[in-house]
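Now for the letters of each chain:
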Amino acid sequence: MTYFMMQFLNGLQIGSIYALIALGYTMVYGIIKLINFAHGEIIMTAAYFIYFFMTKWQLSFLLSTVLATLLSVVIGVLIERIAYRRLRNASRLSALITAIAISLFLQTLYMILFTPDPRAFPMTATRFPVLKLGKIIFSSWTLITIVTAVIVMILLQLFVSRHKAGKAMLVVSEDLKGSYLMGIKVNRIVAMTFAIGSALAGIAAALYIVSYPQITPYMGSLPGIKAFIAAVLGGIGLIPGAMLGGFLLGLVETMTKAYMPSQLTQLSEGVVFIILILVLLLKPAGLLGKSESEKV
Amino acid sequence: MRKSKTKKSVSVLLVLMAIIMLLTSCGKTETKTTEPAADGTEADAAVATDAAAETDAAAETDGAAETDGETPAGDTIKIGGLAPLTGPVSVYGIAADNGAQLAIKEVNANGGVLGKQIEYIVYDEKGEPVEATNAYNRLVNEDKVIALIGDVTSGPSIAVAQRAVLDNLPMITPTGTSADITAQGPNVFRACFIDENQGSLMGTFMAENLKLKKAAVLYDVSDPYAQGLNDAFTAKCKDLGIEVVTTEIYNAGDTDFKTQLTKILAAEPEALYVPNYYNDNIMIVRQAKQIGLDVPFLGGDGWDGILSENVIGADKNDADGSYFTNHYAADDPAEKLQNFLAAYREEYGVEAISFSALGYDAAMMMVQAIETAGSTDSAAIVDALKNIEYEGVTGDITFDENNNPIKTVSIILIKDGAYTLFTKMKSGE
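So, how was this worked out
Residues numbered from 1 in each chain as written. Chains lettered and ligands numbered in written order. Predicted model: local features only at pLDDT ≥ 70, side-chain atom pairs only at ≥ 80, totals over all residues. Heavy atoms only, no water. Patch = residues over 30% accessible without salt bridge, like charges linked within 9 Å, V, L, I, M, F, W, Y side chains within 5 Å. Areas by Shrake-Rupley, 256 points an atom, 1.4 Å probe, with all protein chains shown as cover. Salt bridge = Lys/Arg side-chain N within 4 Å of Asp/Glu carboxyl O. Helix = DSSP H or I, 4+ residues; strand = E, 2+ residues; numbered from the N terminus. Buried < 20%, exposed > 50% of the residue type's maximum accessible area, 1.4 Å probe, protein only. Pairing = 2+ DSSP bridges. Axes fitted to C-alpha atoms, helices over the stretch in contact; angles between N-to-C directions. Contact = heavy atoms within 4.5 Å. Expected span 1.5 Å × (residues − 1). Buried area = accessible area lost by both parts, 1.4 Å probe. Polar contact = N/O pair within 3.5 Å; in protein donor to acceptor, adjacent residues only side chain to side chain. Nonpolar A, V, L, I, M, F, W, Y, C, P; charged D, E, K, R; others polar. Phe/Tyr/Trp six-rings, centres within 6.5 Å; stacked < 30°, edge-to-face > 60°. Domains from an automatic or database assignment.

### Considering a nonpolar patch on the surface
Residue and element names in this part refer to chain A.
Then comes step 1: A contiguous nonpolar patch, built from Leu131, Leu143, Val147, Val150, Ile151, Ile154, Leu155 and Leu158 and spanning about 640 Å² of accessible area, is present on the exposed surface.
Then comes step 2: Examining the composition of the nonpolar patch, we find that 7 residues originate from one element, helix α5 (residues 140-162), more than from any other.
Then comes step 3: You can see isoleucine 154 is positioned in helix α5.
Then comes step 4: For isoleucine 154, a relative accessible area of 48% translates into the label partly exposed.

### Quick word on the sheet that holds strand β15 (residues 408-415) of chain B
Two modes of strand pairing occur in sheets, parallel and antiparallel, and in both the strands are linked by backbone hydrogen bonds.
All names here are of chain B.
Then comes step 1: Strands sit in the order β8-β7-β9-β10-β11-β15-β16 across an open sheet of 7 strands; the sheet is mixed. Every other strand in the sheet has two partners, leaving β8 (243-250) and β16 (418-426) as the edge strands with one partner each. Mean inter-strand twist for the sheet, computed between neighbouring axes without regard to direction, equals 25°.
Then comes step 2: Bridge analysis of strand β11 (residues 323-326) against β15 gives 4 bridges, and the strand direction is antiparallel. The partner of phenylalanine 324 across the bridge, within β15, is isoleucine 412.
Then comes step 3: Its contacts with the sheet place helix α9 (residues 224-240) against β7 (214-220), β8, β9 (271-273) and β10 (297-299), and it is angled at close to 165° to β7.

### A few points about helix α8 (residues 195-208) of chain B
All names here are of chain B.
Then comes step 1: Compared with an ideal rise of 1.5 Å per residue, which puts 14 residues at 20 Å, α8 spans 20 Å between its outermost C-alpha atoms and is within 8% of the ideal.
Then comes step 2: Extensive coverage of α8 is indicated by the burial of 11 of its 14 residues.
Then comes step 3: Taken as a whole, α8 has its buried residues at Asp195, Asn197, Gln198, Gly199, Leu201, Met202, Gly203, Thr204, Phe205, Met206 and Ala207.

### A short note on the interface of chain B and chain A
By convention, interface size is frequently given as the accessible area that disappears when the constituent parts associate.
Then comes step 1: Contacts between the two partners involve 48 residues from chain B and, on the opposite side, 48 residues from chain A.
Then comes step 2: Both faces combined, the contact of chain B with chain A buries some 3,900 Å², and carbon together with sulfur accounts for 58% of it.
Then comes step 3: Looking only at chain B, the three residues that lose the most surface to chain A are Thr259(B), Lys263(B) and Gln290(B), adding up to 16% of its buried area.
Then comes step 4: Our count for the contact surface shared by chain B and chain A stands at 1 salt bridge.
Then comes step 5: The residue Arg127(A) makes a salt bridge to Asp315(B) at a minimum N-O spacing of 2.6 Å.
Then comes step 6: Linking chain B with chain A are 16 residue pairs in polar contact (both at pLDDT 80 or more).
Then comes step 7: Going through the elements one at a time, α1 (2-26), β8, α10 (258-267), α11 (278-290) and α12 (309-312) of chain B are the ones with two or more residues in the side of chain B that touches chain A.
Then comes step 8: Of the residues forming the side of chain B that touches chain A, the biggest block, 9 residues, is contributed by α1(B).
Then comes step 9: The class makeup of the residues in the side of chain B that touches chain A is 18 nonpolar, 19 polar and 11 charged.

### Here's the deal with the packing of aromatic side chains
Then comes step 1: Scanning the entire structure with this criterion turns up 32 aromatic pairs over all chains.
Then comes step 2: Between Tyr84(A) and Phe194(A), the aromatic rings sit 5.7 Å apart at their centres with planes inclined by 40°, giving tilted as the arrangement. Of the two residues, Tyr84(A) is situated in helix α3 (residues 61-84) and Phe194(A) in helix α8 (residues 186-211); the sequence distance between them amounts to 110 residues.
Then comes step 3: Ring centres of Phe205(B) and Phe422(B) lie 5.7 Å apart, and the angle between their planes is 85°; this geometry places the pair in the edge-to-face category. Taken together, the residues span a long stretch of sequence, with Phe205(B) in helix α8 and Phe422(B) in strand β16 at a distance of 217 residues.
Then comes step 4: Judged by its relative accessible area of 0%, Phe205(B) falls in the buried class.

### Digging into the domain arrangement of chain B
Residue and element names in this part refer to chain B.
Then comes step 1: The domain boundaries assigned to chain B delineate domain 1 (70-193 + 332-407) and domain 2 (196-326).
Then comes step 2: Listed by partner, the interface residues are 12 residues for domain 1 and 13 residues for domain 2.
Then comes step 3: At the boundary of domain 1 with domain 2, total buried surface from both sides reaches about 1,200 Å², with 56% on carbon and sulfur atoms.
Then comes step 4: Looking at the side of domain 1 facing domain 2, the largest losses of area belong to Val91, Tyr92 and Phe193, adding up to 45% of the total buried there.
Then comes step 5: Between domain 1 and domain 2 we count 4 residue pairs in polar contact (both at pLDDT 80 or more) in total.
Then comes step 6: When contributions to the side of domain 1 that touches domain 2 are tallied by element, the ones reaching two or more residues are α4 (90-109) and α14 (354-373).
Then comes step 7: Within the side of domain 1 that touches domain 2, the residues separate by chemical class into 8 nonpolar, 4 polar and no charged.

### Some points on the side chain of Thr133(B)
All names here are of chain B.
Then comes step 1: One can find threonine 133 in helix α5 (residues 129-141).
Then comes step 2: The class for threonine 133 is buried, based on a relative accessible area of 17%.
Then comes step 3: The contacts of threonine 133, once residues within four sequence positions are left out, are Ala159, Val160 and Arg163.

### Regarding the environment of Val245(B)
Residues and elements named next belong to chain B.
Then comes step 1: Positionally, valine 245 belongs in strand β8.
Then comes step 2: Taking the relative accessible area as the measure of exposure, valine 245 reaches 23% and is therefore partly exposed.
Then comes step 3: Placed 21 residues apart in sequence, valine 245 and alanine 266 show a C-alpha to C-alpha distance of 9.9 Å.
Then comes step 4: Here valine 245 is in contact with Lys214, Ala215, Ala216, Ala267 and Pro269, once residues within four sequence places are set aside.

### Examining the sheet that holds strand β14 (residues 405-406) of chain B
Residue and element names in this part refer to chain B.
Then comes step 1: Ordered in space as β12-β13-β14, the 3 strands form an open sheet in which the pairing is antiparallel. The sheet is open, and its two edges are formed by β12 (390-392) and β14, each paired on a single side.
Then comes step 2: Relative to strand β13 (residues 395-399), β12 runs antiparallel, the two sharing 3 bridges. The residue of β13 that forms the bridge with glycine 392 is glycine 395.

### Points about the side chain of Thr153(B)
Then comes step 1: Take Thr153(B): it is sitting in the loop between β4 (147-149) and α6 (154-167).
Then comes step 2: Sequence-distant contacts of Thr153(B), that is, excluding residues within four places in its chain, are made with Val89(B), Tyr92(B), Thr175(B) and Tyr277(B).

### Remarks on unusual backbone geometry
Then comes step 1: The linkage connecting Gly150(B) with the following residue, Asp151(B), adopts the cis geometry, with an omega of -10°.
Then comes step 2: With respect to the helices and strands, the residue Asp151(B) is situated in the loop between β4 and α6.
Then comes step 3: Of note in the backbone geometry, Gln58(A) takes a positive phi value of approximately 60° without being a glycine.
Then comes step 4: Mapping Gln58(A) onto the fold places it in the loop between α2 (39-56) and α3.
Then comes step 5: A relative accessible area of 63% places Gln58(A) in the exposed class.
Then comes step 6: With a phi angle near 55°, Leu114(B) is a residue other than glycine that sits in the positive phi range.
Then comes step 7: Its location among the elements puts Leu114(B) in the loop between α4 and β3 (117-124).

Right, here's the structure in full:
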């Protein structure tokens, strides 16, 4: 039981980071049907911002995170304005290719600016005291990660269900052209969606980088892809789906590694994909998704 | 109208993307060259060689050199170098290259070899076998080098050794510890001990010095280096009666090791063998602390560099209490080593790591072999290397029948955020 609980916490920790990132994917997809492959790079840029604020300006971790999150919002909105808005009515494939281009562009740009060499992040999870609950040992940072992620998700859920702009977002995701006609300022709502997604990515970056304190220009791609899988698993376009998918992915990854024979741990990623395939076979729209026939 | 505009911007983006990809793939192959005596145009170099020869009594001036300013190739001996100067293992590459550059500089200042100055041409291979092979072809086909110092890590070294065997090019890898490198052919040598030695020595050390009975291993299954160390360590443990309670693996690029570490914690080992490179090791050490896995960490020379500023960062004591096998210890009082460390500090303004010392030894060994051979003939140099008795900064080196050096191994203990010499053991038979 001790062993299970410890592994469960490990899974929740990584899962909560996946969930935060997955929200960015799912919200953007929900609203303009674009898989924003540059989303992982927002995490990377945010990590660099935090790093530079802390090392060059000697700011505290918390303040750096807040500033970096704000800057991520700016970058996310700029990407939408410069790259995606013109393609709103173009074929989906064009937009998708553009997203990949933006992702590569940011990676290579950072590689040129800051070299591909890894940098050590100045704040590590070892600074947080280790907690003991009976025989269960875990870092207080694990707890902070999970709690922060859950709080952020609750706030997001409240915003979407209570606030006017949040409701408008849901409406636009329901029917973009229809919302135009109903007088909703669609461009503003889309920009806001990118802003929120990027802010979540900024927070996720802070949680991620303290756990894995190494910064490289390509650090965003792996968590980005994992989060994308999480979003699809839960039902892309659905906010609760992304949360569920994120936690589920983290737990499945951890538990397969934890309970499979050691020499098969390599297969854990395979298991994740098998689950994804099964879910998509049985429920093509994801765990929480409602399948609807597309009108052609 | 609107549509065509969109199409245009997409194609512009695509073209931009293509340009960027081109730039990043080719632009990064920086070349670092230690020109004989001075840098500048080729004609300048020839003049400078003359000037050096005039002031240096030991070197004999070649009359032809004064008139033959156009083809400086005949005036210098070209030695090639390969190292990852950028990329994830650049700490090693830069250190090894710096060591070799320092050796060549010293040799050139003392009149060069066979009366000629050495031109040392280095290409960056980013730690990738394909890049390394391309750079090797360039060194051999375009630069016409007569010997090779490199590569630095095992993967690319194996790739390059396969080519060097076909060309019978004398090659010394300063730091490639995989047994497969020198197994490629009789012209491939190394300056460092091999993975097998490291792994089994650590097993012996754990049994005899630490007197521990239960070990666990966590290694990168996609890396032949880590695999080699694990195999040797596990085999030695079996011989010495150490129980390996669990062997956990991960893949290159993984950043989360907590699941495996929690598994290891449950198996209750007395020590954990972590035979990977420093970027992973630092993460593993830190995540182990977070789940309360508090046992000594053991490792190989991939740990060297873990205390660098850009690896360990601000929390300098996180790796304390770990032991690893290494090529030398900075606090070893041996005179030759201390002289090298001082010269290195003066030249580069940073402390040398073992990769720098091995780079230096590899270059010096190659020079000594060329001197002994008395010519730049490949077969003669290979012969000279085979029978070399070299006194280096990482210990005295002779080669066994597999071209692997017989030398001392230092066990380093990380204490108070610094490498300290714990004990010395002898590698090879």
